Amino acid sequence: MTETFYALLAIAMVLLVVSLLVPVAERFRLPHTVLLAIAGMTLGFVGSWVVTSGVQFGALGDAFVGLDNLEVGADMFLPLFLPPLLFTAGLTIEVRRLMDEISAVLLMAIVAVVVCIAFVGGVVHVATGVDLVVCLLLGAIVSTTDPAAVIGIFRDVGAPKRLSILAEGESLLNDAVAIAAFGLFMGMLVSRTMPGGEGAESAGHAVQEFLREFLGGLLLGFILARAAMFMLPRLGESDAAIASVTVALTYLSFVLADRYIHVSGVVSVVMAALTVAAYGPTHLHPHQWTSLRRLWAQLEFWANCLIFVLASMLAANVLLKITWLYAFAVVAVAVGAFSARALVVFGMLPLLEKGKLVQPVDQRYKVILVWGGLRGAVTIVLAMVASGNERLPDSTRDFIALAATLFVLFTLFVNATTLGLVMHLLGLDKLSRLELALRDRVLALSRANVQTHLQEVMRRRTVANDELTVDPASAGSADIEAPPAELALSLEERVRVGMMTLGTRERELYLEQFEQQILSRRMVAVLMADADRLIDRVRDKGMTGYGEWLRDISRPNPLLRVALWLHRRLGIEGPLTQRLADRFEILMVIQSVLTELAAFNQRSIADLLGADAEAVLAEVIEKREDVVDSALRALSLQYPGYAESIRARQYERASIRFESMEYTRRLREGIISREVFDDLRRRLAHRRSAISKRPPLDLGLELAKMIEQVPIFVSLDREAVIGVGKRLRAVVAVPGEKFIRRGGPSDSMYFIAAGEVTVRGPAFEVGLKEGDFVGEMGLVSDRPRSADVISNGYCHLLKLSRNDFRALLNDRPAVRAEIEAVAARRNAENEGKAAAS
């Protein structure tokens, strides 16, 4: 019982210390981990002295005794602390934005890890003469990064959000790759202690095992996470039960993979976390998802603090063994690690920029990425695991533990503490000319508003004139100097600021609709990601960036392309129906948000940035409204009534939310009893369940009905329609799709069952609508395509291949005659237009 009390005192002391260090870290703008390392080593040294000296300090001394008994063995670090750290990192990342930066993330996570291992291993081997495989193992341990400091800087200086996503994604994935490499080199070293372990076959087998474990971990993590996501929505409203399942998922992913299936437990946990992050928001209620993330943030805080404190206490004893060999090793590790990172950031990342795989990154931010490559909890955990492996020689274990721990301390006490100085040297801690001008403008407007409101207050006061000590006309007034000429903003700069302001406001409006439950979590994730991309593009390139962003979101996304391919090749309609329904909902939300943005622009932008900037922004919003209205109108014509169904569903969801708030208020005021409240909530739950699924969208691609919409086939009887239907294939063309290209092979023709297309040749442009057909001239003349054909909106087409075209004409002379007549007329019209031009 006494030992239990000592352990409780120790845990309470550690939690109290790490919590008190949070405001200290914020006060001195230091990473929390720097102070944790100092606290851990201090507790280690003091605790050792207290335990060995025998001096009595009452409850404090007992706490140190409990802390000495509480030290976790090195073999417990990996399975106990690492899974929650990795799961939290994966759970908090925005998977959709991560995919935007996937090229850069993979470069920083995979290529950078390989380069770091090679550089560190080579430099340390040359500097110390230690075995190369041991040096490579050390390189794998120190190749993991802690992004907290870099992300904090990027947030403080207003860097593009994609850079924070890059840092988060790099840290998450390079942890997985580095730990997999750690297992590879550990296996190679351990195999040397076994008979025949020096052979080349052992190394080759290790590489095969590495690939098997990595891919197996990905598959297992995905399967377990999908099983968990099947369970979570069925647990009701119990936040505790949902959190418990995710904790179980974390440790099951690690233990099953590592212990029973013999694949990478780390990769499995990372994959499980990313899967939950991708599917969780759409499967859980918003408040449940928020509660889940809050819980994992707390678990990460405890795990991170305990890792640093306990590991630093263990390291305190190891650090007493420091010799000059380890000093040389740390210098070599630092040179290798930061040289490798600089090579990747300044040498390889620009190649992706030139290939337009990633947006350009400011050189100053690249410096922060290099110098801010701190090492943290994962590096310490791996070092302690290697140190505790008794199958390795003692000299190897001490070398790995000391070199890695000292390098972590180096990054914390040198890099972390000088990041502020680096920011100052790069000018990142200073307001830009644009920010200074905006600051002065906001200050002037604020003071003017204060003056107006204060004068109004003074006028309303019913006091005698002799009691009035402040002149209402001058109350709140202040002389504001005009900004100097160098701070005067051009129209282009003001428009850029306005666009970023509108993008931020657009993001807030999406969140408001989500909080009102008008918008689903999946849709708000899509729209907020688009708003973040807009802000980043405008910040980087101004209106040119806005144009690029508009073109990007106007193109069919990869999921829609896959859905179209599945429909065209395999006849599968489900994914295409889902994508078109998403398109409906997104357009309707954007339409309402743009209306509010127009009012916000008129109300707030003019005072801040000037009437001319407000007029430009109003024109931008109006053009975007026209594009959205046109796209929505085209969809509504194609699928009449569906827009109303979506809108009715949104209103019903908002109504349920407001009713729920009203019932809660009535319960709090004591107007209704708990029994009545529960009954009302059950009724709302029933209504919520009834609208949980989006109304089904009928693509309207029944061949018989589509054939009947084409005038050339109107005279056919039912049997003939069935016969023609066997030769035709329904196709959906998306807006702007060029489904016939000039100069391409004449392998098919199309009948337009619904929608409109534009035929564009060298000297002519013709519009065709429902009931027309196109592409027949190439089949009749057996020549390459003479024009491009582009869909003006979503079009339903009937595709007829060359072989079926010939068979159809042979079977249907009347159809043949009409097609040939139209082809001849169009050919004559085209030749006439060409001669006239």
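Residues numbered from 1 in each chain as written. Predicted model: local features only at pLDDT ≥ 70, side-chain atom pairs only at ≥ 80, totals over all residues. Heavy atoms only, no water.

Student: Any chance you could explain the pattern of salt bridges here in plain terms?
Tutor: Where charged atoms from two side chains of opposite charge approach closely, those side chains can pair. What the rule picks out here adds up to 26 salt bridges. A salt bridge links K366 to E353; the nearest nitrogen and oxygen atoms lie 3.4 Å apart. Taken together, the residues span a long stretch of sequence, with K366 in helix α15 (residues 363–371) and E353 in helix α14 (residues 324–354) at a distance of 13 residues. A relative accessible area of 1% means that K366 is categorised as buried. Of the residues examined, E353 reaches a relative accessible area of 16% and is grouped as buried. Where K541 meets E548, a salt bridge forms, and the shortest distance between an N and an O atom there is 3.2 Å. (Salt bridge = Lys/Arg side-chain N within 4 Å of Asp/Glu carboxyl O. Helix = DSSP H or I, 4+ residues; strand = E, 2+ residues; numbered from the N terminus. Buried < 20%, exposed > 50% of the residue type's maximum accessible area, 1.4 Å probe, protein only.)

Student: Whenever I open this one, the packing of helix α22 (residues 558–570) against helix α23 (residues 574–609) confuses me. Can you help?
Tutor: A pair of packed helices is characterised by two quantities: the angle between their axes and the separation of those axes. Where α22 contacts α23, the axes come no closer than 8 Å and their chain directions differ by 145 degrees. For the element pair α22 and α23, the recorded crossing hand is left-handed. Touching L559, L560, A563, L564, L566 and H567 of α22 are P575, L576 and R579, all from α23. Grouping the constituent residues of the contact of α22 with α23 by class yields 7 nonpolar, 1 polar and 1 charged. (Axes fitted to C-alpha atoms, helices over the stretch in contact; angles between N-to-C directions. Left-handed = near helix turned anticlockwise from the far one by under 90°. Contact = heavy atoms within 4.5 Å. Nonpolar A, V, L, I, M, F, W, Y, C, P; charged D, E, K, R; others polar.)

Student: Just checking my understanding: could you explain unusual backbone geometry for this structure?
Tutor: Peptide bonds are mostly trans, and most non-glycine residues show a negative phi. Here H262, not a glycine, exhibits a phi torsion of approximately 60 degrees, which is positive. Judged by its relative accessible area of 46%, H262 falls in the partly exposed class.

Student: It is not clear to me how the sheet that holds strand β3 (residues 748–754) should be interpreted in this structure. Could you clarify?
Tutor: Each strand in a sheet pairs with its neighbour through backbone hydrogen bonds, running either in the same direction (parallel) or in the opposite one (antiparallel). With antiparallel pairing, the 4 strands of this open sheet are ordered in space as β1-β8-β3-β6. Among the strands making up the open sheet, the edge pair consists of β1 (728–733) and β6 (773–774). Pairing between β1 and strand β8 (residues 795–801): 6 bridges, direction antiparallel. Note that in β8 the partner of V732 across the bridge is H796. (Pairing = 2+ DSSP bridges.)

Student: Looking at this model, I keep getting lost on the pairing of strand β7 (residues 788–791). Mind explaining?
Tutor: The two faces of a sheet get side chains in turn, since along a regular strand they alternate between them. Burial along β7 is two-sided: the residues D788 and I790 and V789 and S791 are all buried. Strand direction decides the pairing type here: strand β2 (residues 738–740) and β7, joined by 2 bridges, are antiparallel. Within β7, the residue paired with K738 across the bridge is I790. Bridge analysis of strand β4 (residues 757–760) against β7 gives 4 bridges, and the strand direction is antiparallel. Its bridge partner being in β7, V759 is matched across the sheet by V789.

Student: I keep staring at the packing of aromatic side chains and nothing clicks. Help me out?
Tutor: Two numbers describe a pair of aromatic rings. These are the distance of the centres and the angle of the planes. Counted under the stated rule, the structure contains 7 aromatic pairs. Seen in terms of ring centroids, F87 and W296 are 4.7 Å apart; in terms of plane orientation they differ by 40 degrees. Their pairing is tilted. With F87 in helix α4 (residues 74–91) and W296 in helix α13 (residues 286–318), the pair connects residues that are 209 residues apart, well separated along the chain. Under the relative-accessibility criterion, F87 is labelled buried at 0%. Three or more aromatic residues link up through ring pairs in this structure, and these residues are F338, W371, F407 and F410. It is R226 that lies over the ring of Y279; its NZ or CZ is 4.1 Å from the centre. We note R364 situated over the ring of Y365; from NZ or CZ to the ring centre the distance is 6.0 Å. (Phe/Tyr/Trp six-rings, centres within 6.5 Å; stacked < 30°, edge-to-face > 60°. Lys NZ or Arg CZ within 6 Å of the ring centre and 35° of its normal.)

Student: Is there a simple way to explain the environment of V822 in this structure?
Tutor: Structurally, V822 is set in helix α31 (residues 813–836). On the accessibility criterion, V822 (10% relative accessible area) is buried. When the C-alpha atoms of V822 and E776 are compared, they prove to be 8.8 Å apart, with 46 residues separating the residues in sequence. Sequence-distant contacts of V822, defined by excluding residues within four places in its chain, comprise F773 and E776.

Student: Teacher, can you tell me more about the nonpolar core here?
Tutor: One broad trend across soluble globular proteins is that nonpolar side chains are buried collectively. Counting 147 residues, the largest nonpolar core has L138, I141, F182 and F399 as the members making the most contacts within it. If we ignore the near neighbours within four places in the chain, the residues touching F399 are V124, T128, V130, V134, L138, Y326 and A329. Ranked by size, the runner-up nonpolar core spans 52 residues in total, among them L560, I586, L594 and I646. (Core = buried A, V, L, I, M, F, W, Y, C linked by side-chain atoms within 4.5 Å.)

Student: I keep staring at a nonpolar patch on the surface and nothing clicks. Help me out?
Tutor: Judged by side-chain polarity, W49, V55, F57 and L60 come together as a nonpolar surface patch covering roughly 390 Å² of accessible area. Its place among the elements puts W49 in helix α2 (residues 32–53). (Patch = residues over 30% accessible without salt bridge, like charges linked within 9 Å, V, L, I, M, F, W, Y side chains within 5 Å. Areas by Shrake-Rupley, 256 points an atom, 1.4 Å probe, with all protein chains shown as cover.)

Student: So what exactly am I meant to see when it comes to the environment of K161 here?
Tutor: Along the chain, the position of K161 falls in helix α9 (residues 161–191). Residues K161 and I151, spaced 10 residues apart in sequence, show a C-alpha to C-alpha distance of 9.3 Å. Once residues lying within four places of it in the same chain are set aside, the contact partners of K161 are E94, R97, R507, D532 and D536.

Student: Before we go on, may I ask you to explain the sheet that holds β2 in this structure?
Tutor: Reading across from one edge, β2-β7-β4-β5 is the order of the 4 strands in this open sheet, with antiparallel pairing throughout. Looking at strand neighbours, the two that pair on one side only are β2 and β5 (765–768), the edges of this open sheet. With strand direction ignored, the average angle separating the axes of adjacent strands in the sheet is 30 degrees.

Student: Please explain the packing of helix α6 (residues 102–128) against α14 as it appears in this structure.
Tutor: Direction vectors running N to C along α6 and α14 enclose 145 degrees, while the axes themselves pass 7 Å from each other. You can see that α6 and α14 cross each other, and the crossing is right-handed.

The quantities given are spatial measurements derived from coordinates; they are silent on function.
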